[in-house]
Amino acid sequence: MTTKIKYSSRHLSAIKAGEIEAKWSANYSRILRYSIDMWQKDLELHKQVSAPELYLLEIKVGELVARWDRMADDHIRKSKLAASKEACDALTIEASGKLDGIRSILSKTLRHDDRVDWEKLKNRTPFRKPSPFPEKSPKRATEAKPIKFDPPIGLLDKVFRKAKVKRAKAEELFQADVKRWDEEDARNAAAFVTAVGLWEARKLEFEKAYHDEKATYLHRQATENAKVDELSDGVRAGDPKSVIEHASLVLDASDYDGLFEKSYELDYQPAPAKVLLIEYDLPSPEIMPTLKALRFMPSTGEVKETHISDKEQKANYDSACYQVCLRTFHELFEADECGNYDAILFNGFSTAVNKSTGRDVRSCIMSAIVTKADFEAIDLGRVDPKACFKSLKGVSASSLAALAPIAPLMEMNKEDKRFIDAREVVASLDAATNLAAMDWGDFEHLIRELFEKEFASRGGDVKITQASSDGGVDAVAFDPDPITGGKIVIQAKRYTRTVGVSAVRDLYGTVQHEGASRGILISTADYGPDAHQFASGKPLSLFSGSICFICCRNTATTPKLILLRLERI
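Residues numbered from 1 in each chain as written. Predicted model: local features only at pLDDT ≥ 70, side-chain atom pairs only at ≥ 80, totals over all residues. Heavy atoms only, no water.

Trainee: Describe the overall build of the protein, naming the residues involved and giving the relevant values.
Mentor: A count of helices and strands for the protein gives twelve helices and 18 strands. Put simply, the protein has 569 residues, and 36% of those count as buried. For the protein, the proportion of contacts with a sequence separation of at least 24, taken over those separated by at least 6, is 58%. (Helix = DSSP H or I, 4+ residues; strand = E, 2+ residues; numbered from the N terminus. Buried < 20%, exposed > 50% of the residue type's maximum accessible area, 1.4 Å probe, protein only. Contact = heavy atoms within 4.5 Å.)

Trainee: Tell me what's going on with the state of the cysteines, and back it up with residues and numbers.
Mentor: Taken as a whole and assessed by the stated rule, the structure comprises zero disulfides. Distance from the sulfur of cysteine 325, which forms no disulfide, to the nearest cysteine sulfur (cysteine 388) is 8.8 Å. Here cysteine 325 falls in the buried class, since its relative accessible area comes to 0%. (Disulfide = S-S within 2.5 Å.)

Trainee: Give a detailed account of a nonpolar patch on the surface, specifying residues and quantitative values.
Mentor: Taken together, Leu155, Leu156, Val159 and Phe160 make up a surface patch of nonpolar side chains, about 480 Å² in accessible area. Within the fold, leucine 155 resides in helix α4 (residues 155-159). The class for leucine 155 is exposed, based on a relative accessible area of 66%. (Patch = residues over 30% accessible without salt bridge, like charges linked within 9 Å, V, L, I, M, F, W, Y side chains within 5 Å. Areas by Shrake-Rupley, 256 points an atom, 1.4 Å probe, with all protein chains shown as cover. Salt bridge = Lys/Arg side-chain N within 4 Å of Asp/Glu carboxyl O.)

Trainee: Which residues make up the pattern of salt bridges, and what values go with them?
Mentor: According to the stated counting rule, one finds 22 salt bridges in the structure shown. Taking the shortest distance from any N to any O, the salt bridge between glutamate 94 and lysine 98 comes out at 3.8 Å. Taken together, the residues glutamate 94 and lysine 98, both in helix α1 (residues 54-103) and four residues apart, mark about one turn of the helix. Relative accessible area serves as the criterion here: at 43%, glutamate 94 is assigned to the partly exposed category. Owing to a relative accessible area of 47%, lysine 98 belongs among the partly exposed residues under this scheme.

Trainee: Could you give me a rundown of a positive patch on the surface, with the residues and numbers involved?
Mentor: Side chains of Lys23, Arg33, Lys47, Lys60, Arg67 and Arg70 sit close together on the surface and give a patch of like positive charge. Here the positive patch takes three residues from α1, the largest share from any one element. Residue position: lysine 47 is located in strand β4 (residues 45-51). A relative accessible area of 39% places lysine 47 in the partly exposed class. (Lys, Arg positive; Asp, Glu negative; His and termini not counted. Charge placed at Lys NZ, Arg CZ, Asp CG, Glu CD.)

Trainee: Lay out the environment of methionine 297 in plain terms, naming residues and giving numbers.
Mentor: Relative to the helices and strands, methionine 297 resides in strand β7 (residues 291-297). Classification of methionine 297 by relative accessible area gives partly exposed; the value is 26%. Beyond its immediate chain neighbours, meaning those up to four positions away, methionine 297 contacts Glu302 and Lys304.

Trainee: Account for the nonpolar core, naming residues and giving values.
Mentor: In this structure, Tyr280, Leu282, Phe329, Leu332 and Met366 are the most contacted members of the largest nonpolar core, which totals 49 residues. The residues touching phenylalanine 329, leaving out its near neighbours within four places in the chain, are Ile344, Phe346, Ala368, Val370 and Phe375. Among the nonpolar cores identified, the runner-up in size contains 19 residues, and Val473, Val504, Tyr527 and Phe534 belong to it. (Core = buried A, V, L, I, M, F, W, Y, C linked by side-chain atoms within 4.5 Å.)

Trainee: So what's going on with the packing of helix α5 (residues 163-237) against helix α6 (residues 240-252)? Which residues, and what values?
Mentor: Interaxial distance between α5 and α6 falls to 8 Å at its minimum, and their mutual angle equals 110°. It follows from the interaxial angle that α5 and α6 lie roughly perpendicular. Helix-helix and strand crossings are classified by hand; for α5 and α6 the assignment is left-handed. Side by side, α5 and α6 meet where Leu231, Gly234 and Val235 of the first sit next to Ser242, Glu245, His246 and Leu249 of the second. Each residue belonging to the contact of α5 with α6 can be placed in one class, and the counts come to three nonpolar, three polar and one charged. (Axes fitted to C-alpha atoms, helices over the stretch in contact; angles between N-to-C directions. Parallel < 35°, antiparallel > 145°, perpendicular 65-115°, else oblique. Left-handed = near helix turned anticlockwise from the far one by under 90°. Nonpolar A, V, L, I, M, F, W, Y, C, P; charged D, E, K, R; others polar.)

Trainee: A description of α6 should follow, citing residues and the corresponding values.
Mentor: Between the first and last C-alpha of α6 there are 18 Å, a value that for 13 residues agrees with the 18 Å anticipated at 1.5 Å per step. For α6, the full list of buried residues reads Ser242, Val243, His246, Ala247, Ser248, Val250 and Leu251. Those residues of α6 that are buried lie in contact with α3 (118-121), α5, β5 (264-269), β6 (275-281) and α7 (310-335). (Expected span 1.5 Å × (residues − 1).)

Trainee: Describe the pairing of strand β10 (residues 359-371), with residues and values.
Mentor: Pairing analysis gives twelve bridges linking strand β9 (residues 343-354) to β10, with the strands arranged antiparallel. Residue pairing in the sheet places asparagine 347 in a bridge with serine 367 of β10. Count of turn residues in the β9/β10 antiparallel hairpin: four residues, of which glycine 358 carries a positive phi of about 80°. By the bridge criterion, two bridges tie β10 to strand β11 (residues 395-396) in an arrangement that is antiparallel. Counterpart to serine 367 in the pairing with β11 is valine 395. (Pairing = 2+ DSSP bridges.)

Trainee: Would you mind going over unusual backbone geometry in detail, with residue names and values included?
Mentor: In this structure, glutamate 44 is a non-glycine residue whose phi angle is positive, near 55°. Tracing the chain through its elements places glutamate 44 in the loop between β3 (31-40) and β4. Here the phi dihedral of leucine 403 falls at roughly 55°; this positive angle occurs in a residue that is not glycine. With respect to the secondary-structure elements, leucine 403 resides in the loop between β11 and β12 (419-420).

Trainee: Please give an account of the sheet that holds β6 that cites residues and values.
Mentor: Strand order across the open sheet formed by five strands is β5-β6-β9-β10-β11, with mixed pairing between neighbours. Every other strand in the sheet has two partners, leaving β5 and β11 as the edge strands with one partner each. Pairing of β6 with β9 involves seven bridges; the strand directions are parallel. Looking across to β9, one finds that aspartate 281 is bridged to phenylalanine 349. Strands in contact with α6 are β5 and β6; relative to β5, the strand with the most contacts, it is inclined by about 145°.

See below:
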């Protein structure tokens, strides 16, 4: 029957209906019943529906489809619940793995050989570009040479003497074919010679390019491998730069499973004691994993997270930092096959947001100097990280998670190839000194001397840079104060005109480039409003105004600076 049953479904694509079939009476005078096969493909269900009337059949089909829709909805819901539960279970396992990873930071490195395999650093990959010329050699176009055939001679040709004419005509046609073939063959031969010449030129060019590229590749490879050998030789010879690079290779290879992004600075002091110095950026407490488990709530469809307690978070952070410190000692000492350092200094820094100011604060929170002999006497597989750190006379607050700053056991490296020897300038000044007419170099040394007097009481130091290639730095101050100190960039501007925003912007860029904690700009002139606006809220100090020096002669000492009138903006 061509009649169609109408029905609607929320899962119409899964519903399939067969043809309506009719059951007739024995004498085919009337239809006794109608039936139709129905399928729900997603649920893999089938049912034959029947009714005495078509409208009843349609009602029954509608009821069946509605019931199947409810079953499909329930199936989908349960599938989603199962998927959500599986996802939560998988994420719980992952979260548990991350927490376990914190506890195994130190033990993981004990199963790994931290020595540098110099051969693995070398590039031994062969030159893999295909060498055969990809174009096939040209083929000469050929055509079969004409064949001479005798024309058929019949009885009538002989009677009427046409055989001779036929043979002459055939010979003429044959000669014409031979001439055409000779001309075509000559053209093909010429074209073939040209094609071969072009092909050979391209092949020669390809082979030259291939050999040039291969030679360049092998030369670059050999050069790079030679640098590895050079670095290896430098490490064996105790070359400071090579020792530092070797240590960076060891630390770069240390895998913390994505717990934090490693960042550190290295220095090496070969004499009097062979000491490797490290400033290591420890992970911030905010990035430490805290998720413990996820639970899917079937009644609401929500996912509930469970986190470890604040106490556990702080304990995990402390444990991670102590383990990172001990792991760093272990990796470097184990990799030091040439005995380049007898001791290692580890200064651990952490950067976090100061909740009272909203600014990032970088502080040294742990410091330790360990000799190789002392460290090799420890069984790292059985120690408590914090107790081990303390036994090595490491310095830290009772809780590292508090990020309480401490004074490092050794000061930061202050060496900079831009620094030059300072000279005294104040002694030559008197009240009549005109700063605007002072030699520029003397002015820079004067600024250095003044700030040196300022920082001397705190054990600080001020260095002046060479006149050229100073990177926008006239002087650098090192303030050892653990809270307000650090590296301070100083620029001096002996201007007679108002200082615009560009000079302040340049100073801020220099501060960021140098990794300094503050920048100071000194000018003999005043600053424009745009300069003040730009400096607002940034770690910049602007000094301006008239600078007056009052010197007096002390009978027992050199001239002494009594007063510096300098207005700070």
